[in-house]
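Each chain, written out:
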Amino acid sequence: MTWVAAVARLRARREPGVLVTVATVRGHAPRDAGAKLVVGQSATWGSIGGGNVEAVAIDRAREMIAASKPEPELMDFALNDKVTNQHGVQCCGGTVQVLLEPLPVVRAVAVFGIGHVGLELARILARQDLDLHLIDSRADMFTEERLDVLGDAVAQVHTHHTPLLPEEVLEELPRGTHILIMTHDHAEDAALCDAALRTPHLGSIGLIGSAAKWVRFRKRLADEGGHDEATIARIKTPIGLADITGKEPATIAVSVAADLLRTLETEEN
């Protein structure tokens, strides 16, 4: 498997890893500059030459995977018999510098409702390095013509047409997924709020709408859903930045995206 395919596999499986690259070589070394190795939690793909260099790099990569906020690192190796090595002698005679780059699990966001605001929001979020899930009960929201605007997305975009029960998608979403609820139907929004509160592996939950809408929803979640106040408080509404008051779909989408990105940055720190 190529290193590109290995990185793609880790991302698809939502597993962390480290990309190890031979950055510079002076003199003789097992591999030339540019050789790559991908290190996962329990497997590796590719090679930077074997021996002590590779073994030490793998050890350090696994430490980075276990760390909360790893940063890229450079490691220097002298390949001669005068150096005390952790994993045996390599005496090719040269020196090697190796770059270790963390491959974190990307964050996931799910937008329920891909109407005017939802599509504008998807356009913005698609420019971020995310797993972006777009969910709607209406098939015509996912026509090729509408989704053409996401053709140059940086994000991995996943579409879900759920004609009957959109809330069923919640169980399938990755752990920690941030939820934004903005469907065309208040009844659908209410069902999603209730289901999201019953799905413990999710991240933040945001609901678009007015104060009057939230009063009704809050009462329904308590009286019919049986949720206590602390649980209901998991839902943030309204979403968006309070000082951006425009009502055009693109303006609302910018506000909601900025609010979400602030939440994601706070989560990182």
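Preceding block: the structure.
Draft legend 1. Here's a closer look at the sheet that holds strand β10 (residues 205-207). In spatial order, the strands read β8-β7-β6-β9-β10-β11; together these six strands make up an open sheet with parallel pairing. Strands with a single pairing partner mark the edges of an open sheet, and in this sheet they are β8 (156-161) and β11 (235-236). Pairing geometry for strand β6 (residues 107-112) and strand β7 (residues 130-136), over six bridges, is parallel. The residue of β7 that forms the bridge with Phe112 is Ile135.

Draft legend 2. Region of the structure containing the environment of Glu144. With respect to the helices and strands, the residue Glu144 is situated in helix α4 (residues 144-147). Remark: the alpha-carbon pair of Glu144 and Thr95, spanning 49 residues in sequence, is separated by 53 Å.

Draft legend 3. Seen up close, helix α5 (residues 186-197). With twelve residues, α5 extends 17 Å from end C-alpha to end C-alpha; this agrees with the ideal 16 Å at 1.5 Å per step. Every buried residue belonging to α5 is among Glu188, Asp189, Ala190, Leu192, Cys193, Ala195, Ala196 and Leu197, and all of these are buried. Buried positions along α5 lie against β6, β9 (178-181), β10, α6 (211-223), α7 (229-232) and β11.

Draft legend 4. Local environment of the packing of α5 against α6. In contact at an axis separation of 11 Å, α5 and α6 are set at 50° when each is read in the N-to-C sense. Classed by the angle they form, the pair α5 and α6 counts as oblique. Note that α5 runs across α6; the crossing there is right-handed. From α5, His186, Asp189, Ala190, Cys193, Asp194 and Leu197 reach across to α6, where they touch Lys213, Arg216, Phe217, Arg220 and Leu221. Grouping the amino acids of the contact of α5 with α6 by side-chain chemistry returns five nonpolar, one polar and five charged.

Draft legend 5. Quick look at the side chain of Ser137. Positionally, Ser137 belongs in the loop between β7 and α4. Residue Ser137 is classed as buried on the basis of its relative accessible area of 14%. Side chain to side chain, Ser137 and Glu188 meet in a polar contact 3.1 Å long. The contact partners of Ser137, leaving out residues within four places of it in the chain, are His161, Thr162, Pro163, Pro166, His184 and Glu188.

Draft legend 6. Quick look at the pattern of salt bridges. This structure, assessed with the given rule, holds 15 salt bridges. Linking Arg14 and Asp131 is a salt bridge whose minimum nitrogen-to-oxygen distance equals 2.6 Å. On the criterion of sequence distance, the pair formed by Arg14 in the loop between α1 (3-13) and β1 (17-26) and Asp131 in strand β7 is long-range, its members being 117 residues apart. Put simply, Arg127 and Asp152 hold a salt bridge, and the shortest N to O gap is 3.6 Å. You can see Arg127 sitting in the loop between α3 (116-125) and β7 and its partner Asp152 sitting in the loop between α4 and β8, a full 25 residues away along the chain. We classify Arg127 as partly exposed; its relative accessible area is 43%. Looking at Asp152, the relative accessible area reads 54%, which means it is exposed.

Conventions and cut-offs
- Residues numbered from 1 in each chain as written.
- Predicted model: local features only at pLDDT ≥ 70, side-chain atom pairs only at ≥ 80, totals over all residues.
- Heavy atoms only, no water.
- Pairing = 2+ DSSP bridges.
- Helix = DSSP H or I, 4+ residues; strand = E, 2+ residues; numbered from the N terminus.
- Expected span 1.5 Å × (residues − 1).
- Buried < 20%, exposed > 50% of the residue type's maximum accessible area, 1.4 Å probe, protein only.
- Contact = heavy atoms within 4.5 Å.
- Axes fitted to C-alpha atoms, helices over the stretch in contact; angles between N-to-C directions.
- Parallel < 35°, antiparallel > 145°, perpendicular 65-115°, else oblique.
- Left-handed = near helix turned anticlockwise from the far one by under 90°.
- Nonpolar A, V, L, I, M, F, W, Y, C, P; charged D, E, K, R; others polar.
- Polar contact = N/O pair within 3.5 Å; in protein donor to acceptor, adjacent residues only side chain to side chain.
- Salt bridge = Lys/Arg side-chain N within 4 Å of Asp/Glu carboxyl O.

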